[in-house]
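# A closer look at the structure
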Amino acid sequence: NAETAMYVAKDSGRNTVRFYAQVMESNIQERMWIEEELDYALKEQQFRVFYQPKMHIATGHITSAEALLRWFHPVRGLISPGEFIPIAEQTGQIVAIGEWVVKKVCEHLTRSTELGLPLLPIAVNVSPKQFQHPQFIYKLRQIFEETGVDPSFVEVEITETTLMDNTEETLNKLLLLKQIGVRIAIDDFGMGYSSLGYLKRFPVNALKIDQSFIREVHDESTAAIVTVMIALGHQLQMHVIAEGVETEAQLDFLRQHGCDEIQGYLLSKPMPLNEFRDFVRKNYGL
Ligand code: C2E
Ligand code: MG
Ligand code: MG
Ligand code: MG
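Residues numbered from 1 in each chain as written. Chains lettered and ligands numbered in written order. Predicted model: local features only at pLDDT ≥ 70, side-chain atom pairs only at ≥ 80, totals over all residues. Heavy atoms only, no water.

For the protein, the name recorded in an unreviewed UniProt entry is Diguanylate cyclase, with Sulfoacidibacillus thermotolerans as its organism.

Quick look at the structure:
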């Protein structure tokens, strides 16, 4: 990738500098390709919403799930959100894509009720540009009205970056969301650069500890940080969720330290809707 190329370029002469330029150019071409294809992706229904369950540690119950976007390109195959979400965020395409995700999730919720499934809250990722869009809340309400979904079954996952920005307007939006009944979670908690001051200011329901901390939780100092994060969330009356839980050892640690919920490959990878429904049926003995 470009970063490695730059590193190598520093070390060894002219040829590598040219190589770096080529990498940069192909990165730009790749970005342009994605930007162009994203416009078709929505129209041609290349997106799918996958679901990854979250489990309440104390009871073993599936309590909710996170909606994660998947892009199946007719030629390139599966393109991961890590590749296209940052670009969609920069170009503003995320606004339309994000709206589509919320709509799909609400349609799925309505259908799940019709199918007699236990209704579980679904968390939707909202990027900074989506959140800051002037029509964000208006669009949400419109979707709730159209689909008849109770807003308290939708949770919005935002990152610390969103909370760091535009504070007065951000606060008002969060208060409005709370008033509507939408739940709010801070995603990737611990990865931002902000002070902890915003935590007392904003009406947040849940903290999601970033998976980088969980991955290293066998390490003594990381374990100390995670312990404090869990206590901090609880002191502030928040729900604490650990992301990226892959091993029994990690789960044991989290259980011992009173973490509320886990999400991760140990429980399940993100799944297509039908598989997710089967998973829920099984968990509820249906
Ligand atoms: P995120 O919201 O922090 O989602 C968690 C990511 O961790 C997901 O990657 C999930 O598949 C992955 N993951 C879950 N459990 C494990 C585990 O045990 N081990 C490991 N190694 N990974 C695990 P994914 O689906 O590739 O999504 C990446 C990011 O893209 C998300 O991070 C989120 O920031 C963004 N994203 C995904 N869907 C949407 C969307 O609909 N809208 C927006 N704005 N962003 C989205
Ligand atoms: Mg998330
Ligand atoms: Mg996360
Ligand atoms: Mg993330």
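## Describing the coordination of the magnesium ion (ligand 2)
Coordination sphere of the magnesium ion (ligand 2), protein contribution only: E66 (OE), N125 (OD1), E157 (OE) and D187 (OD), at 2.0 to 2.2 Å. In this structure the magnesium ion (ligand 3) is found 4.1 Å away from the magnesium ion (ligand 2), and D187 serves as a bridging donor for the pair. Residue E157 is found in strand β5 (residues 154-159), and its partner D187 is found in strand β6 (residues 183-189); the two are separated by 30 residues along the sequence. Residue D187 is classed as buried on the basis of its relative accessible area, which comes to 7%. (Donors = N, O, S within 2.8 Å, 3.2 Å for Na, K, Ca; no water. Helix = DSSP H or I, 4+ residues; strand = E, 2+ residues; numbered from the N terminus. Buried < 20%, exposed > 50% of the residue type's maximum accessible area, 1.4 Å probe, protein only.)

## A closer look at the nonpolar core
Residues Y51, V105, L177 and L254 are the most contacted members of the largest nonpolar core, which totals 73 residues. Here this core gets seven residues from one element, more than from any other, and that element is helix α4 (residues 94-114). Residue contacts for L254: discarding those within four places in its chain leaves I57, I214, V226, I230, A242, V245, C259 and I262. (Core = buried A, V, L, I, M, F, W, Y, C linked by side-chain atoms within 4.5 Å. Contact = heavy atoms within 4.5 Å.)

## Things to note about helix α12 (residues 248-256)
Buried within α12 we find Q250, L251, F253 and L254. Down the axis of α12, the buried side of the element spans an arc of 160°, and every buried residue falls inside it. Across from the buried face of α12, at angles greater than 90 degrees, the exposed residues are A249 and Q256. Where the residues of α12 are buried, they touch α10 (211-215), α11 (220-235), β8 (239-242) and β9 (261-262). A positive backbone phi angle near 75° is found at G258, which sits one or two residues after α12. (Arc of directions from axis to C-beta.)

## Brief notes about the layout of surface pockets
In this structure, the largest pocket occupies an estimated 1,000 Å³ of space. Every residue lining the largest pocket is counted, 36 residues in all, and those nearest its centre are E66, L68, P81, N125 and D187. Listed by contribution, the elements that provide at least two residues to the lining of the largest pocket are β2 (62-73), α3 (81-91), α4, β4 (122-125), α5 (128-132), β5, β6 and α10. A class-by-class count of the residues in the lining of the largest pocket yields 14 nonpolar, 11 polar and 11 charged. Put simply, the second largest pocket is a space of about 200 Å³. F47, R48, W100, K104 and H108 are the residues nearest the centre of the second largest pocket, which is lined by 13 residues in total. Broken down by secondary-structure element, the contributors of at least two residues to the lining of the second largest pocket are α2 (13-43), β1 (47-56) and α4. No other element matches β1, which puts four residues into the lining of the second largest pocket. Of the residues assigned to the lining of the second largest pocket, the class counts are eight nonpolar, three polar and two charged. (1 Å grid on protein atoms, 1.4 Å probe; cavity = no way out; pocket = protein on both sides within 12 Å on 5 of 7 lines; lining within 4 Å. Points joined across faces, edges and corners; volume = space filled by probe spheres on them. Nonpolar A, V, L, I, M, F, W, Y, C, P; charged D, E, K, R; others polar.)

## Comments concerning the site of ligand 1
Near ligand 1 you find 23 residues, and of these R70, N125, D187, E246 and Y265 are the closest. Take Q52: an N or O atom from its side chain is 3.0 Å from a nitrogen atom of ligand 1. Between a nitrogen atom of ligand 1 and a side-chain N or O atom of E246, the distance comes to 2.5 Å. Expressed as a share of its isolated accessible area of 800 Å², the protein-covered part of ligand 1 is 82%. Using a 2 Å cut-off from the grid points, one finds that ligand 1 occupies the largest pocket. When contributions to the shell around ligand 1 are tallied by element, the ones reaching two or more residues are β2, α3, α4 and β6. Take the shell around ligand 1: its biggest share by element is four residues, from β2. Across the shell around ligand 1, the residue classes break down as nine nonpolar, seven polar and seven charged. (Near = heavy atom within 4 Å. Polar contact = N/O pair within 3.5 Å; in protein donor to acceptor, adjacent residues only side chain to side chain. Areas by Shrake-Rupley, 256 points an atom, 1.4 Å probe, with all protein chains shown as cover. Sits in = over half its atoms within 2 Å of the grid points.)

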